[in-house]
Amino acid sequence: MHQLTLAEIARGLADKKFSSEELTKALLARITQLDPQLNSFISLTEDLALQQAKAADARRANGESGALLGAPIAHKDLFCTQGIRTSCGSKMLDNFKAPYDATVVAKLAAAGAVTLGKTNMDEFAMGSANESSYYGPVKNPWNLEHVPGGSSGGSAAAVAARLLPAATGTDTGGSIRQPAALTNLTGLKPTYGRVSRWGMIAYASSLDQGGPLARTAEDCAILLQGMAGFDPQDSTSIDEPVPDYSAGLNGSLQGLRIGVPKEYFSAGLDPRIADLVMASVEELKKLGAVVKEISLPNMQHAIPAYYVIAPAEASSNLSRFDGVRFGYRCEDPKNLEDLYKRSRGEGFGPEVQRRIMVGAYALSAGYYDAYYLKAQRIRRLIKNDFMAAFNEVDIILGPTTPNPAWKLGAKNSDPVAAYLEDVYTITANLAGLPGLSMPAGFVDGLPVGVQLLAPYFQEGRLLNVAHQYQQNTDWHTRTPTGF
Ligand code: GLN
């Protein structure tokens, strides 16, 4: 049963082949048995899951239907879940039980999804390897000595290991697409404003966006359908109608114009990944697509701009964790200043502290113009590059990551080496564009992802292209040994 996709589960439930309760029990048992190897969950929510599963079965018995009704999922542990620990991967929030559900959590629950638990993640979503979590690193099911990517590494490892069919993630600079690539999943970062951020603990508010991680584009369509839509509680949510993503999966790719940026093929890219990227282009050509070389001339400035803007926003967002209102408080504070200093010093891990310091520095009066303002200008140039490119092509295709999953610990002593891994993903966040990563082959037994980018609100186009690709390739069906 654990091999079933969301789409297959929906059919099985509709045909009464099994109940949601049976499925939920089977997957919870599988998680208990296998997750100790992976560490992909921070909390299991067995009682809630069984209650939701029974309720979904009752709704089906009453004639209701729906692709998510009775479907087991998990949430990255930065989506607030009422009465359930919402840790954000941090000691700071180890004891925090959210007083309300995030909009995404509430919407998926209303659609009948069953929450099996909360998944492990980099602390406050800062990282690309899932090694900065207070709850320990997550292992990649394709090779337990390698990282699964981050920051949604728990969601990715759990879905890749068939512990459940799909999970939510968030993507500030690649945290859905990069772990999807490194674990052989399909992951989609929607247009900024497409999915509500209400109740999603903020890292960098102008970049953060929630989205689905699943094995297929078809399943991403189902999960995104349940997540997307206008939310008056989020002032950056956009009031645009949500199309029927599943209905759009079968559109023809005849005449689809694919742009491949020449800047993507620079020295930092593993040549074996470059070959797999070009092989995916050939596959799409067979389906009727036409290919054109394009240029994104300001791409080289993306990493420095992102690593000013994201920490700047983080330093501001994380100032609320002061030992007074939320989460961890140090023992026996001598006075207010001591309370702040030690609560934050003890509650945040080293990567989070590094980001807060970089961000506070970039925002300080003397340096604001030199760093933050300049980074915002680069952001506009990057957006303009994309706008020009999308005048000529319908989607942009390239690698999701320059390298396959690295060994645990390999980049721990050099944060900048890890930041460089984000080179292909962060531009979509800076510009607010939707992006998808899909499985496209293997290097040394480790999965490789291809990234597709589309104009604003064209998530449907990304899902359509990925689904057509997956109808004609079998990379996404490969299962890691032992799972
Ligand atoms: N790796 C990037 C960072 O550390 C992106 C993380 C994310 O998307 N949450 O900031």
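All residue numbers refer to positions counted from 1 along the written sequence of the respective chain. Only residues with pLDDT of 70 or above have their local features reported here, since the model is predicted, and side-chain atom pairs are shown and tallied only from 80 upward, although totals for entire chains, interfaces and linings are computed over all residues. Hydrogens are left out, water is left out, and the side-chain values use all remaining heavy atoms of the structure.

Let us now look at the nonpolar core. General note: in soluble globular proteins, nonpolar side chains tend to be found buried as a group. Only buried residues count toward a nonpolar core. Its members are Ala, Val, Leu, Ile, Met, Phe, Trp, Tyr and Cys residues joined through side-chain atoms within 4.5 Å. A 1.4 Å probe rolled over the protein chains alone gives each residue an accessible area, and that area as a share of the maximum for its type sets the label: buried under 20%, exposed over 50%, partly exposed in between. Phe124, Phe386, Ile396, Leu452 and Leu463 are the most contacted members of the largest nonpolar core, which totals 109 residues. Each helix is a run of H or I in the DSSP string that is no shorter than four residues. Each strand is a run of E no shorter than two, and both are numbered from the N terminus. By residue number, the principal contributor to this core is helix H9 (residues 302-317), which donates 10 residues. Beyond its immediate chain neighbours, meaning those up to four positions away, Phe124 contacts Cys88, Ser90, Met92, Leu93, Ile201, Tyr203, Leu318, Phe321, Phe348 and Val352. Contact between two residues is taken to exist if any of their heavy atoms lie within 4.5 Å; hydrogens are not considered.

Okay, the packing of H9 against helix H11 (residues 350-363) next. Following both chains from N to C, one finds H9 and H11 inclined at 100 degrees, their axes separated by 7 Å at the closest point. Classed by the angle they form, the pair H9 and H11 counts as roughly perpendicular. Together, Tyr307, Val308, Pro311, Ala312 and Ser315 of H9 and Arg355, Ile356, Val358, Gly359, Ala360, Ala362 and Leu363 of H11 make up the contact between the two elements. Only the stretch in contact is used when a helix axis is fitted, and all axes are lines through C-alpha atoms; the angle between N-to-C directions ranges over 0 to 180 degrees. Our angle categories are set so that under 35 degrees counts as roughly parallel, over 145 as roughly antiparallel, 65 to 115 as roughly perpendicular, and the remainder as oblique.

With that settled, the discussion passes to a nonpolar patch on the surface. Patch construction takes residues with relative accessible area above 30% that form no salt bridge. Like charges are linked within 9 Å, and nonpolar side chains (Val, Leu, Ile, Met, Phe, Trp, Tyr) are linked within 5 Å. The method behind every accessible area is Shrake-Rupley, applied with a 1.4 Å probe, and residues are considered shielded solely by the protein chains displayed. Salt bridges, as used here, are contacts in which a Lys or Arg side-chain nitrogen is within 4 Å of a carboxyl oxygen on Asp or Glu. A grouping of Val324, Leu336 and Tyr340 is seen on the molecular surface, where their side chains present a nonpolar patch of about 260 Å² in accessible area. Mapped onto the secondary structure, Tyr340 falls in helix H10 (residues 336-347).

When DSSP locates at least two bridges between a pair of strands, those strands are taken to pair. Taking strand neighbours across the sheet as the criterion, the 11 strands line up as S1-S3-S2-S4-S6-S5-S10-S11-S9-S7-S8 in an open arrangement whose pairing is mixed. Among the strands making up the open sheet, the edge pair consists of strand S1 (41-44) and strand S8 (290-294). Within this sheet the neighbouring strands show an average axis-to-axis angle of 30 degrees, counted without direction. Where strand S9 (residues 395-399) and strand S11 (residues 446-453) come together, 4 bridges link them in antiparallel fashion. Looking across to S11, one finds that Leu397 is bridged to Leu452. Its contacts with the sheet place helix H2 (residues 20-38) against S1, strand S2 (72-76) and strand S3 (114-119), and it is angled at close to 20 degrees to S3.

Definition of nearness: a residue and a molecule or strand are near each other if at least one heavy atom of the residue lies within 4 Å of the molecule or strand. Around the ligand, the surrounding shell holds 15 residues, and the nearest of these are Ser128, Gly173, Ser175, Tyr203 and Tyr306. A distance of 2.6 Å is found between an oxygen atom of the ligand and a backbone nitrogen or oxygen belonging to Gly173. Under this definition, polar contacts are N or O atom pairs within 3.5 Å; protein pairs additionally need one hydrogen-donor-capable and one acceptor-capable atom, and for neighbouring residues in sequence, both atoms have to be side-chain atoms. With respect to the ligand, the side chain of Ser175 contributes an N or O atom lying 2.6 Å from an oxygen atom. Relative to its unbound accessible surface of 290 Å², the ligand loses 99% to contact with the protein. Asp, Glu, Lys and Arg are counted as charged, while Ala, Val, Leu, Ile, Met, Phe, Trp, Tyr, Cys and Pro are counted as nonpolar; the rest, among them Gly, fall into the polar class. Per-class residue counts for the shell around the ligand are 5 nonpolar, 7 polar and 3 charged.

The subject of this paragraph is the packing of aromatic side chains. In summary, the pairing rule links any two rings of Phe, Tyr or Trp, Trp by its six-membered ring, whose centres are within 6.5 Å, and it sorts them by plane angle into stacked for under 30 degrees, edge-to-face for over 60 and tilted for everything else. Within the structure shown, the criterion is met by 17 aromatic pairs. Their ring planes at 70 degrees and their centres at 5.7 Å tell us that Phe124 and Phe348 sit as a pair that is edge-to-face. Here Phe124, found in the loop between S3 and helix H5 (153-160), pairs with Phe348, found in the loop between H10 and H11; they are 224 residues apart in sequence, far enough to count as distant. Under the relative-accessibility criterion, Phe348 is labelled buried at 4%. Ring plane angle 20 degrees and centroid distance 6.4 Å describe the contact between Phe386 and Phe390, whose orientation is recorded as stacked. The burial state of Phe386 is the same as that of Phe390; both residues are buried. Put simply, the rings of Phe96, Phe124, Phe321, Phe326 and Phe348 touch in pairs and so form one group of aromatic residues. Working rule: Lys NZ or Arg CZ, within 6 Å of ring centre, within 35 degrees of ring normal, means a charge sits over the ring. Stacked on the ring of Trp406, the Lys or Arg Lys411 has its end atom at 5.1 Å from the ring centre.

A few words on helix H15 (residues 459-472). Working rule for helices: expected span equals 1.5 Å times residues minus one. Its 14 residues place the ends of H15 20 Å apart at the C-alpha level, agreeing with the 20 Å of an ideal helix rising 1.5 Å per residue. Of all 14 residues making up H15, 10 are buried, and the element is well covered by its neighbours.

This paragraph deals with the environment of Ala98. Of note, Ala98 is situated in the loop between S2 and helix H4 (103-110). When neighbours within four sequence positions are excluded, Ala98 is seen to be in contact with Cys80, Thr81, Gln82, Gly83, Ile84 and Thr86.

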